[in-house]
Amino acid sequence: MNAETFDEAKWIDWTLEQTRRIAVVGLSSREDRDSYRASFYLHERGYEIIPVNPNYPSVMGLKCYPSLDQIPGTVDIVNLFQRPDRVPASVDAAIILQPKLIWMQLGVVHSEAAQRARAAGIGVIMDRCIKIEHQTRFTT
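Let's talk about the side chain of Ser90
At step 1: For Ser90, the position within the fold is in helix 3 (residues 87-97).
At step 2: On the basis of relative accessible area, Ser90 is assigned to the buried category, the value being 10%.
At step 3: A polar contact is formed between the side chain of Ser90 and the side chain of Gln82, at a distance of 2.5 Å.
At step 4: Each residue touching Ser90, except ones within four places of it in the same chain, is listed here: Val25, Leu68, Leu80 and Gln82.

Regarding the sheet that holds strand 6 (residues 101-104)
Paired through backbone hydrogen bonds, the strands of a sheet run either parallel or antiparallel to each other.
At step 1: The five strands are arranged 2-1-5-6-7 in an open sheet whose pairing can be described as parallel. Here the strands that pair on one side only, and so sit at the sheet edges, are strand 2 (48-52) and strand 7 (123-125). Averaged over all pairs of adjacent strands, the angle between strand axes in this sheet comes to 20°, irrespective of strand direction.
At step 2: Where strand 6 lies against strand 7, three bridges are found, and the strand directions are parallel. Across the sheet, the residue bridging to Ile102 is Val124, located in strand 7.
At step 3: The sheet contacts of helix 1 (residues 8-17) involve strand 5 (77-80), strand 6 and strand 7, and relative to strand 6 the element is tilted by about 100°.

Re the environment of Phe138
At step 1: With respect to the helices and strands, the residue Phe138 is situated in helix 5 (residues 130-138).
At step 2: Each C-alpha atom of the pair Phe138 and Asp13 lies 12 Å from the other, and the pair is 125 residues apart in sequence.

Quick notes on the pairing of strand 6
At step 1: Across the two faces of strand 6 the burial is the same, with Leu101 and Trp103 and Ile102 and Met104 all buried.
At step 2: With four bridges connecting them, strand 5 and strand 6 associate as parallel partners. Residue pairing in the sheet places Ile77 in a bridge with Leu101 of strand 6.
At step 3: Read from strand 5 through helix 3 to strand 6, the crossover connection turns out right-handed.
At step 4: Handedness of the crossover is the feature at issue here: the chain leaves strand 6, passes through helix 4 (residues 111-119), returns alongside strand 7, and the resulting connection is right-handed.

The rules behind each value
- Residues numbered from 1 in each chain as written.
- Predicted model: local features only at pLDDT ≥ 70, side-chain atom pairs only at ≥ 80, totals over all residues.
- Heavy atoms only, no water.
- Helix = DSSP H or I, 4+ residues; strand = E, 2+ residues; numbered from the N terminus.
- Buried < 20%, exposed > 50% of the residue type's maximum accessible area, 1.4 Å probe, protein only.
- Polar contact = N/O pair within 3.5 Å; in protein donor to acceptor, adjacent residues only side chain to side chain.
- Contact = heavy atoms within 4.5 Å.
- Pairing = 2+ DSSP bridges.
- Axes fitted to C-alpha atoms, helices over the stretch in contact; angles between N-to-C directions.
- Right-handed = clockwise from strand over helix to strand, strands pointing away.

Shown next, in the form of structure tokens:
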């Protein structure tokens, strides 16, 4: 998929068409956090969730990686649950990893980092939630 030819709606469709391997940056082990609830929801529906957080050895019973560059193999989506000021470093690391898509969760917007990702051929979604998009598509 070419990042230049797909708008946000098409990227959302692509994400939800089949299960994907998703690295979740900022995934918390606290069950009351949005990152945990969204990731748990997707994991229950067959998505492979890869926690990325240097503060935990595991989250949701899954091995947690301290950074994107330590994940073995390929990743389809890098899902960012972090403050906007931390996004540029994560996008730079994701560009090296070369996922097809970087998804910034609700409230997370960083236009300059998004431009860098798109210039590297990676699609970008900002200020949206995969869980909400999935629920909207499959439970209504």
